Structure formats: structure tokens, C-alpha cells
2 protein chains.
Amino acid sequence: MDQPSVQLSHRIQGVAGSAIRALFKHSARPDVISFAGGNPGSFALPDQQMASLAQQLLKDQGKVLLQYGQTEGYAPLLDLLPGYIADALGAQVSRENLLITTGSMQGLDLLLKVLTNPGDVVLTESPVFLGALQAMHLFQTKVVPVPCDEDGMDMEALERLMQQHKPKLLYTIPTFQNPTGHTLSLGRRQHVAHLAARYGVVVAEDDPYHQLRYDGSPLPTIKTFDTEGWVVLLGSFSKIISPGLRVGFMAGPPALLERCGVCKQCSDVHTANLNQALVAAFLQQGLLAPHVHSLCQRYGSRRDAMLDALAGVGGISHYTRPQGGLFVFAELAPGLKAEPLFHHALQQGVAFVPGEHFYAEGGHTNTLRLNFSNADEDTISRGIGILAQCLNGLQ
Amino acid sequence: MDQPSVQLSHRIQGVAGSAIRALFKHSARPDVISFAGGNPGSFALPDQQMASLAQQLLKDQGKVLLQYGQTEGYAPLLDLLPGYIADALGAQVSRENLLITTGSMQGLDLLLKVLTNPGDVVLTESPVFLGALQAMHLFQTKVVPVPCDEDGMDMEALERLMQQHKPKLLYTIPTFQNPTGHTLSLGRRQHVAHLAARYGVVVAEDDPYHQLRYDGSPLPTIKTFDTEGWVVLLGSFSKIISPGLRVGFMAGPPALLERCGVCKQCSDVHTANLNQALVAAFLQQGLLAPHVHSLCQRYGSRRDAMLDALAGVGGISHYTRPQGGLFVFAELAPGLKAEPLFHHALQQGVAFVPGEHFYAEGGHTNTLRLNFSNADEDTISRGIGILAQCLNGLQ
């Protein structure tokens, strides 16, 4: 029953499936130690709390929750978000600055829809989250990488690229970036907000890992320094409550969000009410703060286990030391490539993501992304040990 | 904090918000009798059943449900759908022909993404579901209406338009169409499948009302007659279980659905697992058949109440008599317009949707869509009575 000759759109031609999601199929094998993906650890998913919240919510408000909802979001969650955003992310927004999304990925999809035409330039860190790159390609935008160091994007380069390309959008993950784990410094955050207003570039600030900080002091979002409404904060509950619920939000200027809302009507109409109500109840009952505290303790210990294990590995020339988030990014010694290592390691029962997929410009075949949230400390040591043996075999 | 001068994409310029969703804000007023919207009646939402299913599912499988899921869908729902589709809709599909969507609206969004370039022609019934029209405009396609009668699309006209325009897509709601309530006849269903294969046109068969039949015999879907894989069935649980859960599906050729899946990864990654699991449990425990039976009895009685009430109304020259679904479509007598009636009726506490919004080609300012699922029989009689008085005042 397959179609012989259906003619596809220009936008979809040449867009591959997500390498990460294809890898899931391998890494989901129970015998594989997975450093691929960006899954929360199983302990981090509040299943028993959600079971009783869901029952209560459906019992008391099921007629509302199972009915159609408003595109902008479920009112009790919209009421709670300004307080949450101020406390957790340091930005002042009000209710009319909000649109609830079906995961924060949808926020980027909506911004690309509303802002870009084919051929328009989008600036972004390089390397960067593969799903975001894929969305940019789907909208036929020209992705121009911004050079980065350990403190995030290079500000001189960013200004020069804004002048040169007149981009529609800057996409950035400023805190514990995916895949590098790097964090944009405070001064640079202020400067990005300034440059956005100066050059008229909308900033998509994707900040899902913000609260997963294991060392150092919290930094305010770029949005905090946005006085003129050029920054759209993409928030997510995927990494701190549950990715399976698919609840995120956009915080930005009302006129722009109204247009995003029209696009959302034409896509999924609204985000499922029950899922929004579960997040609202979790916030409202004060369950999030202790939950995040416990996540940070355990994820911090897993990060330490990974950094300790990496310290002794021959064949890895460099790796990042993130203060939070879910990922370490590593470089192999000259002459070694991540792709053959990937296949060899998978045979030995260890999965990761070869880093080249995260680069818009390609190359960097000697890099790899290692996730540390989804395995316990012993498993991490064992997995990195297997990786070290595989590297030995390749040298 | 609003943006002074953000430059929007071509696709979003000129796309208005959905008139229906704007009307929700009026019609949600508790003092308004709403014949607008397409909401299930409150009785139709199985809140207590869902409360206990949700608790059980999260208690037993919460760690899976709250984690990331597969883009193609939650395995137990994918396992159940072929049997459901065969029983309820009459089409034979297998698991690799399926992609779960966040409501069936997302199915159209994904098809437009994968198939159309700006300027491509999409054929559709006229009048047709406003959300679908809006999605077509957002993708900058050229919408060409197919003339219809009481048995749905005119087959000679459809073939001529396929020859003339080489469309990428035909969008149709064959059963109890929105907004007319008309149903495509059996012979025409076969013929649409034949024409699609002959002219190489993908058919988006949107069939959310299929099971809401109050008279007459069920008809198989167009998909049932699709031997070559040109028909994509867009299915929905919004009208028979809950719209607030946002769970639908696409059934079509695997290669096309794989491309739709790539687009879905870049939009909402996957449909929320809990919501899919709730639908799967509802099907698996045999709760759907008795639920649909009860919906049909009560909705049928509400439809009868509306048709009875309309029988005596001066100023309405014609109205449809649907065998199922949620809507009656009416025409006002010469010289009367639906827009002033709408404003006058809303002041008197009755809402509906002026029909002109459903026509791609505009005009038809003397038509209106009346929903009968969301008010009980007495309220329907009272509401149509108020409408009759308003019409009197306008004549």
C-alpha cells in the first residue's frame, strides 16, 4: 500500500530523520548503557504524585479538562507561570506575555513559522541541539553558526554576523547548552539582549536546563534584560517534571505570540488540558522546588561520576565540565573518529551521539555527546570503561 | 514590552485568527446559548472513567508514560488501532500505516508541510471546516473549491478540477461534513479513491464524526477503497471520547507517514503518552462502544429538537437534515444576512457561526452553522425561538 510517485514539498526534500531519535531504537535496548538521548533518569519522573493528582483533577474538573481548551493555555497554569518564571528563571513577565506550547520544541516551530521565509538567515550556536537545526532546515532557512567559547557565543562575532546577515532569528540555549554544557556568562546575556534590540533580531532563548544547576550561582535569563520585547523565552517542564506530558511555554511580546497562537490553532489547536493541569497542580502544591532539589543532587553526582571516569581515558583529548544540565561534550585525540567508535561501542553495549550531527556546517567528526542523567554512577563508570576499551582498540 | 517593528513571514501575513475560536470567548459566557463551536456535550465527556484510568495507568506505568515516547506513537495504542479502524471505520490498515497525531488537525498540518509548496493547489469542499481553510492559507496554497450537492462532492467537477489544476491534495470531510452535515454517497467514495489514484492526488480524508450516526446505515471510509495508497485517513477521538486530550491518528502509506513523522519531530516531538494511554485503555476495556451508543441516542434527540424548532422559523429558507454529526447548516431568506443576525442574537443570548467564514471563495453571507451537540433539547428550542424572534426583528 505504498505510494508509487507522490511528489513531496521542497521543504521536506533532503531533511533526514533525527539521528538521535533513530539512535533511541538502539539505545532503548535494555542491554545497552545509553549516553545517547537526553532522557531524565527514571527516578526523576514523579509517577506516584502524578497518579493521585490526575485522579483528583479528573474527578473534580474532568468536564473542563476533557473539553476543548483555549489556544493560549489553561487559565490556572497561565495564572501561575509569571510567579514561577520570576522565581526560577529571573524574568518578569505577565499573563499576556504567555503562550502554552506542546513542549518547547513547538515554540521554535511557531517562531520559525511566524518570522521566517525560505532563505532567511537564522543565527545559532555551533554545535547546537539537533532538533532545532532540523526545524530550521525544514523552514528552508540559512543557518549561520556563531563561534563560541566556554562562556557561550562570542559577542564580537555575533554583532558582526547580525550586521552582515540581517537575521530574522537568533536561536540560543544559554544555560548548560545542548550539546556542549557551556553557559553564557552574565555580561554576555545582557549584551545579547542589547544587540537584539539594536539590530532588530528576535531571540529564541531556549532554556530547559536552567534549574538543573549543580555548582555555581544561578544566572538570570537573557529575557531578564529585554526591555524592548525582542526576546522570546522558550520554557519547558520536560527536564524538571516530565517530557512525556509535553508541556512548555513561550514568554514574549503579545503581538508576536498572538500570531504564534494563530499558527498553533492550525497545528494542534491547543495543548492538552489535563497535561497543563497536572503541571499547574505540581507548581501550585509546592512540589516542584523539593523535586528539583533532589534532581540536582542526584544528577550532580552522576555528572561527577562521568567526569571522574573520563579523567583516565586515553584517546579523549578534551571534554567539557558543565555546571549543570545533562550533557558532557568530548573531543577525540587526533586521528580518531566518533562514527566508527559509535558502531564499535554499540556492539559492546554502549550508546552515545556522534557530535558531527550537532554542527550546521558539518565536520567535527572527532566529537561526541555524552548524557549522564539516564544511568546511575556505577553504570556510568562501567559504560565509560567500555568506551575506553573501544578507544584502545581503535588506536 | 511589545515589539515595535518585527518583520513577519509572508505566510502569516493576512491570516486572521479563527473566527470560531474568537467566538468561543463570547459563547463561553454562561448566559449564552451556544450553537457556535463544535464542542461535545458535557455529558459526553467520560470524566469519572478517565479519573480512575489515569490513576491506574500512572501508578502502574507512570515511569514509561512520563518519559519521552516514540514519534510514531505509544505502542499499545498502535496495536489497538488497526482493529478499531476496521470495526468502526471499515478500513484495513496495519501498524506501519499509522502515525499518532496531537488531534487530527495536526494530521492536516503535517500533510501540508510534506506535500505542498506555496502556490500549489488544494481541492476541498465548499463550504468547509474553517480551521482546515486557515491551515491551507498558512501554507500559501491556492484553495480551489469543489462544487457539492446533498451527496457531497460532484464527481464530474472533481475530475475536471484534478485535470485542470494538478492539485497536490484533496481535503474532504466525507461523513456528516463540517459545516453542512452532508455525507458523501457510497458510489462517490469509491469514485474519489479511483480518481485519486488515476490523477496522483493525495486525499486527506478527515472523518471525526463517522461514528456519530443517528439514522441510516454506516458507510465505509474512502480509505476502504484505496488500493494504491493515495488516501490518508485522519482519525480523531475528539468527538467520541474527549477533545481536551488531543489524540488523533493518520492512516496512510508508510513512506509518506515517515516524512510526516520527521515534521512531527520538529514540532511537538511526540503526542503526550498519558493521553494516548488513556485512549488505548478506553478502547481496550471495551468502554468506547457503549459510550458511542449513548452519544448517538442523545445527540440524535438533540438534532431532532433542532430540526423541529427550525421547521417553524420564518426567515430561514433552507436547512440541512444531517443523519449524524454535530451541525445543521441554514440559509436565510433573500435579503437577510447572517452577520447582523449574529450581533443581534448575541445580545439576546444566542451564538452561532456566520457561514461565510467556511467558504474559501467568500460570499454566502446569508448562511449560518448551528451546532446541536452542546445544549439540551429544551435549551435548543429556546435558543432557536430567540433566533426566530431576532429574524423577525430584522425582516
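Cut-offs used in this document
- Residues numbered from 1 in each chain as written.
- Chains lettered and ligands numbered in written order.
- Predicted model: local features only at pLDDT ≥ 70, side-chain atom pairs only at ≥ 80, totals over all residues.
- Heavy atoms only, no water.
- Pairing = 2+ DSSP bridges.
- Helix = DSSP H or I, 4+ residues; strand = E, 2+ residues; numbered from the N terminus.
- Axes fitted to C-alpha atoms, helices over the stretch in contact; angles between N-to-C directions.
- Contact = heavy atoms within 4.5 Å.
- Expected span 1.5 Å × (residues − 1).
- Buried < 20%, exposed > 50% of the residue type's maximum accessible area, 1.4 Å probe, protein only.
- Buried area = accessible area lost by both parts, 1.4 Å probe.
- Salt bridge = Lys/Arg side-chain N within 4 Å of Asp/Glu carboxyl O.
- Nonpolar A, V, L, I, M, F, W, Y, C, P; charged D, E, K, R; others polar.
- Phe/Tyr/Trp six-rings, centres within 6.5 Å; stacked < 30°, edge-to-face > 60°.
- Lys NZ or Arg CZ within 6 Å of the ring centre and 35° of its normal.
- Core = buried A, V, L, I, M, F, W, Y, C linked by side-chain atoms within 4.5 Å.
- Least-squares fit on C-alpha atoms with pLDDT ≥ 70 in both.
- Domains from an automatic or database assignment.
- Polar contact = N/O pair within 3.5 Å; in protein donor to acceptor, adjacent residues only side chain to side chain.

## Structural notes on the sheet that holds strand β2 (residues 98-101) of chain B
All names here are of chain B.
- If you walk across this open sheet you meet the seven strands as β2-β10-β9-β8-β7-β3-β4, and the pairing is mixed. Of all strands in the sheet, those with a lone pairing partner are β2 and β4 (142-146), marking the two edges. Between one strand and the next, the sheet's axes are offset by a mean angle of 20 degrees, whatever the strand orientation.
- Direction of pairing for strand β9 (residues 231-236) relative to strand β10 (residues 248-251): antiparallel, over a ladder of four bridges. Each bridged residue has a counterpart across the sheet, and for G235 the counterpart in β10 is F249.
- Set on the sheet, helix α5 (residues 130-138) makes contact with β3 (121-125), β4 and β7 (169-172); between it and β4 the angle comes to about 145 degrees.

## Overview of helix α12 (residues 377-394) of chain B
- An ideal rise of 1.5 Å per residue puts 26 Å on 18 residues; α12(B) measures up with 26 Å between its terminal C-alpha atoms.
- Of all the positions in α12(B), only T379(B), I380(B), G383(B), I384(B), I386(B), L387(B), A388(B), C390(B) and L391(B) are classed as buried.

## Some points on the interface of chain B and chain A
- Listed by partner, the interface residues are 92 residues for chain B and 93 residues for chain A.
- Taking both partners together, chain B and chain A bury about 8100 Å²; carbon and sulfur atoms supply 56% of that area.
- Between D109(A) and K113(B) there is a salt bridge, with the nearest N and O atoms lying 3.2 Å from each other.
- Within the residue set of the side of chain B that touches chain A, elements represented by two or more residues are α1 (19-27), α2 (47-65), α4 (104-115), α5, α8 (254-265) and α9 (273-284) of chain B.
- The element contributing the most residues to the side of chain B that touches chain A is α2(B), with eleven residues.
- Here the residues of the side of chain B that touches chain A sort into 40 nonpolar, 35 polar and 17 charged.

## A look at the pattern of salt bridges
- Applying the stated criterion across every chain, the model contains 22 salt bridges over all chains.
- Two residues, R188(A) and D149(A), come together in a salt bridge whose shortest N-O distance is 3.0 Å. You can see R188(A) sitting in helix α7 (residues 186-199) and its partner D149(A) sitting in strand β5 (residues 148-149), a full 39 residues away along the chain.
- In this structure, E159(B) engages R198(B) in a salt bridge whose closest nitrogen and oxygen atoms are separated by 3.6 Å. Of this pair, E159(B) sits in helix α6 (residues 155-165) while R198(B) sits in helix α7 (residues 186-199); the two residues are 39 residues apart in sequence, bridging distant segments of the chain.
- It is possible to trace a salt-bridge network through shared partners that takes in D215(A), R303(A) and D304(A).

## Things to note about the sheet that holds strand β14 (residues 353-354) of chain B
Residue and element names in this part refer to chain B.
- Pairing within the open sheet is antiparallel, and its four strands lie in the order β11-β12-β15-β14. The open sheet is flanked by β11 (316-319) and β14, the only strands paired with a single partner.
- As defined by bridge partners, β11 adjoins strand β12 (residues 327-332) across three bridges and the pair is classed as antiparallel. Bridge pairing in β12 links H318 to E331.

## A few points about the packing of aromatic side chains
- Counted under the stated rule, the structure contains 15 aromatic pairs over all chains.
- Between Y209(A) and F327(A) the ring centres are 6.0 Å apart and the planes differ by 90 degrees, which places this aromatic pair in the edge-to-face class. Pair noted here: Y209(A) is in the loop between β8 (202-206) and β9 (231-236) and F327(A) is in strand β12 (residues 327-332), with a separation of 118 residues, a long-range link.
- Judged by relative accessible area, which is 2%, F327(A) ranks as buried.
- Ring plane angle 90 degrees and centroid distance 5.8 Å describe the contact between F342(B) and F352(B), whose orientation is recorded as edge-to-face. One end of the pair, F342(B), is in helix α11 (residues 338-347); the other, F352(B), is in the loop between β13 (350-351) and β14, and ten residues separate them in sequence. Judged on exposure class, the residue F342(B) and its partner F352(B) are both buried.
- An aromatic cluster is present here, built from Y84(A), F237(A) and F249(A) joined pairwise through their rings.
- In this structure, R298(A) is placed above the aromatic ring of F43(A), and the distance from its NZ or CZ to the ring centre is 3.9 Å.

## Digging into the nonpolar core
- Core analysis: the biggest nonpolar cluster contains 287 residues, and I85(A) and I85(B) have the highest contact counts within it.
- Sequence-distant contacts of I85(B), defined by excluding residues within four places in its chain, comprise G90(B), A91(B), V93(B), L98(B), L233(B), F249(B) and A251(B).

## What about the relation of the copies chain B and chain A?
- Take chain B, turn it by 180 degrees, move it 0.0 Å along the axis, and it overlays chain A with an RMSD of 0.0 Å. Taken together, these values place the two copies in the relation of a two-fold axis. When each C-alpha of chain B is compared by its distance to the rotation axis, Q55(B) comes out closest, at 2.6 Å.
- Looking at the interface residues of chain B, 100% of them are also at the interface in chain A, so both copies use one shared face.

## Side note on the pairing of β12(B)
Residue and element names in this part refer to chain B.
- Most of β12 sits out of view: five of its six residues are buried.
- Bridge count between β12 and strand β15 (residues 367-371): five bridges; the pairing is antiparallel. Bridge assignment links A330 to a residue of β15, and that residue is L368.

## Structural notes on the environment of A193(B)
All names here are of chain B.
- Mapped onto the elements of the fold, A193 is located in helix α7.
- A193 sits in the buried class, given a relative accessible area of 5%.
- It is 6.1 Å that separates the C-alpha atoms of A193 and I222, two residues lying 29 residues apart in sequence.
- Every residue in contact with A193, bar those within four places of it in the chain, is listed here: I222, F225 and D226.

## Regarding the domain arrangement of chain A
All names here are of chain A.
- Partitioning chain A into domains gives domain 1 (19-46 + 290-394) and domain 2 (67-288).
- Averaged C-alpha coordinates put domain 1 and domain 2 at centres separated by 25 Å.
- Taken together, the contact between domain 1 and domain 2 spans 32 residues of the former and 32 residues of the latter.
- Summed over both sides, the interface between domain 1 and domain 2 buries roughly 2600 Å², with carbon and sulfur atoms accounting for 65% of that surface.
- Considering only the surface of domain 1 that becomes buried against domain 2, V292, Q323 and F358 emerge as the three largest contributors, covering 22% of it.
- Here domain 1 and domain 2 share one salt bridge between them.
- The partner of R303 in a salt bridge is D215, and the shortest N-O contact between them spans 2.6 Å.
- In this assembly, domain 1 and domain 2 are joined by 15 residue pairs in polar contact (both at pLDDT 80 or more).
- Partitioned by chemical class, the residues of the side of domain 1 that touches domain 2 number 20 nonpolar, nine polar and three charged.

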